[in-house]
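Chain by chain, the residues run as shown.
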Amino acid sequence: MIRNLRIWSLIFLLPGLALFIYIVVLPTIQVINSSMYNWSPGQVGTFVGLNNFTQMFADPSFRDALLHTFVLLIGAMIIQIPLGFIFAYLIFRRYIGSAFFQTVFFIPMVLSSVVIALLWTQVYNQDFGLLNSLLRAVGLGDLTRPWLGDSSSSLISVVVVVGWQYVGLYMLIFLAALQRIPHSIFEAAEIDGAVGVRQLKSITAPLVIDTLKLSVILVVTGAVQYFNLIWAMTQGGPANSSSVLASYMFIKGLQESRLGYAGAVATVMLVVNLILAIGLQRVFRREPLELG
Amino acid sequence: MKITKSMRRMLGGGIATLLAVALAGCAPGASTGGGGQGGGSKTGTLTFWLGGDPVGKEGSILSAYVASFESGHPGVKVSVVWTGAQHKQKVQAALVSGDLPDVVQWWGGSFMEPLITANALRPLDSYIGGSGDWQSGLIDNWSKNYTFSGKIYAAPTDASTVQLYYNRDLLSQTGISQPPGTFEDLLAAVKALRAKGVTPISINGKDGWPLQEVYTYLAMRNGGAGLIFDALSGKRPWTDPAFVLAGTQLRQLIDAGAFADGWLADDTAAADARFMTGKAAMYIFGSWTLNSVVSADDKTLIDKVDYVPFPLTAGGKGTLTELQGGPNGALGISTKSKMADIAWEFIKGYTSVEHASQVATGTLVLVPNKIRYDRSTVPAIYNDHVDQLAKATGFNLFWNELLKPEDNTKFTDLNNSLAEGKITPQQMMDQFAAYMKK
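Throughout, residues of each chain are indexed from 1 in the direction in which the sequence is written. The naming scheme follows written order: chains are lettered A onward, ligands numbered 1 onward. Reporting in this predicted model follows two pLDDT cut-offs: at least 70 for local features of residues, and 80 or more for side-chain atom pairs to be given and counted; totals over whole chains, interfaces and linings ignore these cut-offs and use all residues. Note that water and hydrogens are dropped before the side-chain values are worked out from all heavy atoms of the structure.

1. Notes on the overall build of chain A
Starting at the N terminus, helices and strands are each numbered in turn, a helix being any DSSP run of H or I of at least four residues and a strand any DSSP run of E of at least two. Within chain A, the regular secondary structure consists of 13 helices and two strands. When its C-alpha atoms are laid out on the principal axes, chain A stretches across 75 × 70 × 30 Å. Exposed residues in this analysis have more than 50% of their type's maximum accessible area, buried residues have under 20%, and partly exposed residues fall in between, with area computed by a 1.4 Å probe over protein chains only. Relative to its 292 residues, chain A shows a buried fraction of 45%. By definition in these notes, contact holds between two residues if any of their heavy atoms fall within 4.5 Å. Within chain A, contacts between residues at least 6 apart in sequence are counted, and of these 70% link residues at least 24 apart. Approximately 15,400 Å² of chain A is accessible, and the part contributed by carbon and sulfur atoms is 69%. Both charge centroids of chain A, one from 16 positive and one from 12 negative side chains, sit 9 Å from each other. All accessible-area figures derive from a Shrake-Rupley calculation using a 1.4 Å probe, and residue coverage is judged against the displayed protein chains alone. For the purpose of charge, His is not counted, nor are the chain termini; Lys and Arg are scored as positive and Asp and Glu as negative. To locate a charge, take atom NZ for lysine, CZ for arginine, CG for aspartate or CD for glutamate.

2. Regarding the pairing of strand β9 (residues 280-286) of chain B
All names here are of chain B. Judged by how many residues are buried, β9 sits mostly within the fold: seven of seven residues are covered. At least two DSSP bridges between two strands are needed for those strands to be called paired. Bridge count between strand β7 (residues 159-167) and β9: five bridges; the pairing is antiparallel. Its bridge partner being in β9, tyrosine 165 is matched across the sheet by tyrosine 283.

3. What to know about empty space enclosed by the protein
Detection works on a 1 Å grid of protein atoms alone, calling trapped sets that fit a 1.4 Å probe cavities and calling open sets with protein on both sides within 12 Å along at least five of seven lines pockets, with lining residues defined by an atom within 4 Å of a point. Grid points are joined across faces, edges and corners, and a volume is the space filled by probe spheres set on the points. Scanning all chains against the criterion turns up two cavities of 30 Å³ or more. Taken together, Leu148, Met233, Thr234, Gly237 and Pro238 of chain A together with Lys206, Leu264 and Ala265 of chain B form the lining of the second largest cavity. Considering only residue class, the lining of the second largest cavity consists of five nonpolar, two polar and one charged. Classification used: nonpolar for Ala, Val, Leu, Ile, Met, Phe, Trp, Tyr, Cys and Pro, charged for Asp, Glu, Lys and Arg, polar for all others including Gly.

4. Things to note about the interface of chain B and chain A
With 40 residues of chain B at the interface, the matching set in chain A holds 42 residues. When two parts are brought into contact, each loses some accessible area as probed by a 1.4 Å sphere; the total of that loss over both is the buried area. Buried surface at the junction of chain B and chain A, summed over both partners, amounts to about 3,600 Å²; 62% is from carbon and sulfur atoms. Counting the surface chain B buries against chain A, the share from its top three residues, Pro28, Gln92 and Lys206 of chain B, is 15%. Salt bridges, as used here, are contacts in which a Lys or Arg side-chain nitrogen is within 4 Å of a carboxyl oxygen on Asp or Glu. At the junction of chain B with chain A, the criterion picks out one salt bridge. Salt-bridge contacts for aspartate 127 of chain A lead to arginine 274 of chain B; the nearest nitrogen and oxygen are separated by 2.8 Å. At seven residues, helix α1 (residues 5-23) of chain B tops the list of elements feeding residues into the side of chain B that touches chain A. The residue inventory of the side of chain B that touches chain A, partitioned by class, reads 19 nonpolar, 10 polar and 11 charged.

And the structure:
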């Protein structure tokens, strides 16, 4: 019976597996394959071995994009995970207006990235932007600048927006984890005198640690591939100061028509992502806490 | 039943085979290219892709043209697709999948070259030869940008030139009675405007290429219209003083505060807005800007705006009749089109003097035709553009059509670094020269 079940489960998995191979595995292999060719749209590629890779690693623009990708990754992590957890915790503890704030924090998630980009481009505007107006109003007029048009501030400006965009998602994930904790655990803790910060540290945090791990992996893999907001806000500029791997790949593939080279960039992104994801999973390998 | 080792092996082997098949002898793109000649089908749907969105009355003019074309060719239906801002990406995707439309709008020079190498466009010489005086309706030397190995691959639909537009009121309020005719005038005007708290020049700094236009126009004024072609053919080095000086001049402009605060973040919409709402005194951009001027909310703007050709530089070899720009967008026929003969009929009518004249007066876009139109129906500034184009003694194509795409990315990167003060003009051209040697 059990064995039959395994056969049947295999049979039922086959259509999904076939689809997965067709739309994920094969294209991925084709991209890796194309990275070893000089290939433009409509042309048959010529095999160049690892030439695209050596050229890429010698290109300062690529090294900038790689560095910026890591800045984005760390920035997103610093913003999204702590804020996501704090918001979730505040809502979970039912401080005033939690339903309202739950909706407000989640709004960026349902907005299109392009809408967010337009919105924040206005916020960062040199002349009438909210940020500069605010700075002027509190007497910090010296700090005003064209936030997206200055290469010293463009990257950090877009990183903040990317962080802001996804805080709501991580808030929701943490909130779901918090709500899964049986109420009796909190009651028992309170009887034992663990309240406030002590309770948060010894009871709540350890019980959502798995969710935290999941979130870290999601943030990391998302950041390495991140593209749309950055492209819509700065196109990686000025002077490549906010470029990331994905925007670099877009320029090479679709503006310069070098699909093979872009394939090499994509391959690097895949490898970076795999190393980070597998590495993080190793670090995180720990028995999950059993819920009573 | 149980899963045996051999079944597992079969399954594993199956997947491995699949992957091997996917990779087998797999130079990417092998399935596209080539395609049938002939294309004499007289009926069916003719697909036509245009970049961007309709400007001014362009939409209704095109609809009328399509309607009359369809009634003149029974059995033919024309399907028009405006591809919006992502035209380039959409056409490239179509190239990869082998689904180019019958008639496609594209640009010349290095933009067109990959399509020719990919055998995606048909040569039009025999069609042009059989079309009588069609060619005489176009400006002279129109085909240079679309000619590869002696064959012409496209027919031009628009011409663009880069100009220095200015707001007469804002200049005169600053005590500047004459628009700048030389670079020194321009620099003085910039300083005077800044002193009065007026933004001197609006420019799209975000996209890179408009700033490149300023640099390349300065280089052309310093070294003449032949400079870039000499550099491309290796007759003159990329470190030629005319190039380096252009960098120095650009830096002088930037240091004097020529461009709007935060200009590097301005896209076309933002740069347009500064000039069209009277917040910037000058605007460096393509001739298509005229349409934005006439359609601005401020209906009196068109009376305040005029233009001068890009200023001359002291000791430079350039002349005012040498223009940055020239025949630009063009229509080609897909190699795979089954209706190539009909497609040519469509292009011939579209690029005819009659249709081009309608487009010109309806949109104020410059067209590469010897157009016939009533000069009193359009703003005087448009007539000046048309005359200037007709009298031009030399054209420098936009550099992004002259340079290979990857070389152009390198150049715009360096130009932006120069604008941000990270490298000197000499370093910029040293680095570009070193890059081009590779």
